[in-house]
Amino acid sequence: MDLISKKLSGKHDEFCRSFVCTGDPAVAARRAGYVKNPDKAGEKLMACPEILDEISRLTEQREKMFARLASLGYQRLAFGNISDAVSLLYIERPTAEQLKAMDLFMISEIKKPKDGMLEIKFFDRLKALEKLESKSEADAGVSNLFDAIGQGAKAVSEIEQS
């Protein structure tokens with residue numbers, strides 16, 4: 001656990017986590033247990049530097065996780081195996097168990113036209129590779145954006161304190 005998290009009470013920590021998910025201070029305050037006037041409690045908490053620091057840390061952590069998930073998804077699309085999807089073409093009436101056991105991540109569309117044959121469209125592997133390449137080039141720009149947001153939040157809290 002981060003040093004900032006250790007300074008915060010359980011309610012404050014829950015407020016930060018809820019705010020990162022919802023983006024709404026009143027909803028986050030209500031979820032954290034501030035039942036009396038959650039609007040005012042949310043505003044007050046958002047003026048606290050420790051809260052802002054924790055929200056920044058959690059937001060950065062969340063963005064990194066989503067970026068990793070997206071990257072893993074593009075890797076799967078670019079390098080994944082299509083054998084389960086091809087075998088689906090040869091199964092006349094697949095059961096729910098058979099379908100659950102198959103890796104069909106690569107499929108973008110399945111159609112069954114009037115002639116009864118199954119049509120399967122796959123995601124474009126080259127586009128997935130392009131996204132992976134452009135993502136690595138854009139990583140520097142994303143970190144600069146987060147730095148700017150963090151500096152802006154600190155500036156606002158300093159203005160409110162004075």
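Attention in this report is confined to the structure presented alongside it. Please read these numbers as outputs of a predicted model, since none were measured by experiment.

### Side note on the overall build of the protein chain
And step 1. Broken down by element type, the protein chain carries 8 helices and 2 strands.
And step 2. Along the protein chain, helices and strands appear, N-terminal first, in the series α-α-α-α-α-α-α-β-β-α.
And step 3. For the protein chain, buried positions account for 23% of its 162 residues.
And step 4. The contacts of the protein chain with a sequence gap of at least 6 include a subset with a gap of at least 24, amounting to 50%.
And step 5. Summing over all exposed atoms, the protein chain offers an accessible surface of approximately 11400 Å²; the carbon and sulfur share of this is 57%.

### What to know about the nonpolar core
And step 1. Membership of the largest hydrophobic core comes to 14 residues, with the highest contact counts inside it found for Phe15, Cys16, Ala29, Tyr34, Leu45, Ile51 and Ile55.
And step 2. When residues in this core are grouped by element, the largest group, 4 residues, is from helix α2 (residues 10–22).

### Some points on the packing of aromatic side chains
And step 1. Enumeration according to the criterion identifies 1 aromatic pair in this entry.
And step 2. Ring centres of phenylalanine 15 and phenylalanine 19 lie 6.3 Å apart, and the angle between their planes is 20 degrees; this geometry places the pair in the stacked category. Linking phenylalanine 15 with phenylalanine 19, this pair stays in helix α2, spanning 4 residues, or about one helical turn.
And step 3. Overall, the relative accessible area of 0% leaves phenylalanine 15 in the buried class.
And step 4. Overall, phenylalanine 19 belongs to the buried group, its relative accessible area being 15%.
And step 5. Sitting over the face of the ring of tyrosine 34, lysine 11 holds its NZ or CZ atom 4.5 Å from the ring centroid.

### Section: α2
And step 1. With 13 residues, α2 should reach 18 Å at 1.5 Å per residue; the first-to-last C-alpha distance of 18 Å fits that figure.
And step 2. Looking only at α2, the buried set comprises Asp13, Phe15, Cys16, Ser18, Phe19 and Val20.
And step 3. Phi for glycine 23, located one or two positions after α2, is positive at around 75 degrees.

### Some points on the pattern of salt bridges
And step 1. Per the stated rule, a full pass over the model turns up 5 salt bridges.
And step 2. Here glutamate 54 and arginine 57 are joined by a salt bridge, their closest N and O atoms 2.8 Å apart. On the criterion of helical spacing, the pair formed by glutamate 54 and arginine 57 is a turn pair, its members being 3 residues apart in helix α5 (residues 49–79).
And step 3. Exposure remark for arginine 57: the relative accessible area of 19% places this residue in the buried category.
And step 4. Close ionic contact of lysine 111 with glutamate 109 constitutes a salt bridge, the shortest N to O distance being 3.3 Å.
And step 5. For lysine 111, a relative accessible area of 39% corresponds to the partly exposed category.

### Side note on a nonpolar patch on the surface
And step 1. On the surface, a nonpolar cluster with roughly 460 Å² of combined accessible area is contributed by Ile82, Val86, Leu89, Tyr90 and Phe122.
And step 2. Inspection of the secondary structure puts isoleucine 82 in the loop between α5 and α6 (83–89).
And step 3. For isoleucine 82, a relative accessible area of 30% puts it in the partly exposed group.

### Re the state of the cysteines
Covalent bonding between the sulfur atoms of two cysteines defines a disulfide.
And step 1. Inspection of every chain in the model, using the stated rule, returns 0 disulfides.
And step 2. Cysteine 48 provides the cysteine sulfur closest to cysteine 16, a residue in no disulfide bond, and the two sulfurs are 8.3 Å apart.
And step 3. Cysteine 16 gets classed as buried once you look at its relative accessible area, which sits at 0%.

Definitions and cut-offs
- Residues numbered from 1 in each chain as written.
- Predicted model: local features only at pLDDT ≥ 70, side-chain atom pairs only at ≥ 80, totals over all residues.
- Heavy atoms only, no water.
- Helix = DSSP H or I, 4+ residues; strand = E, 2+ residues; numbered from the N terminus.
- Buried < 20%, exposed > 50% of the residue type's maximum accessible area, 1.4 Å probe, protein only.
- Contact = heavy atoms within 4.5 Å.
- Areas by Shrake-Rupley, 256 points an atom, 1.4 Å probe, with all protein chains shown as cover.
- Core = buried A, V, L, I, M, F, W, Y, C linked by side-chain atoms within 4.5 Å.
- Phe/Tyr/Trp six-rings, centres within 6.5 Å; stacked < 30°, edge-to-face > 60°.
- Lys NZ or Arg CZ within 6 Å of the ring centre and 35° of its normal.
- Expected span 1.5 Å × (residues − 1).
- Salt bridge = Lys/Arg side-chain N within 4 Å of Asp/Glu carboxyl O.
- Patch = residues over 30% accessible without salt bridge, like charges linked within 9 Å, V, L, I, M, F, W, Y side chains within 5 Å.
- Disulfide = S-S within 2.5 Å.

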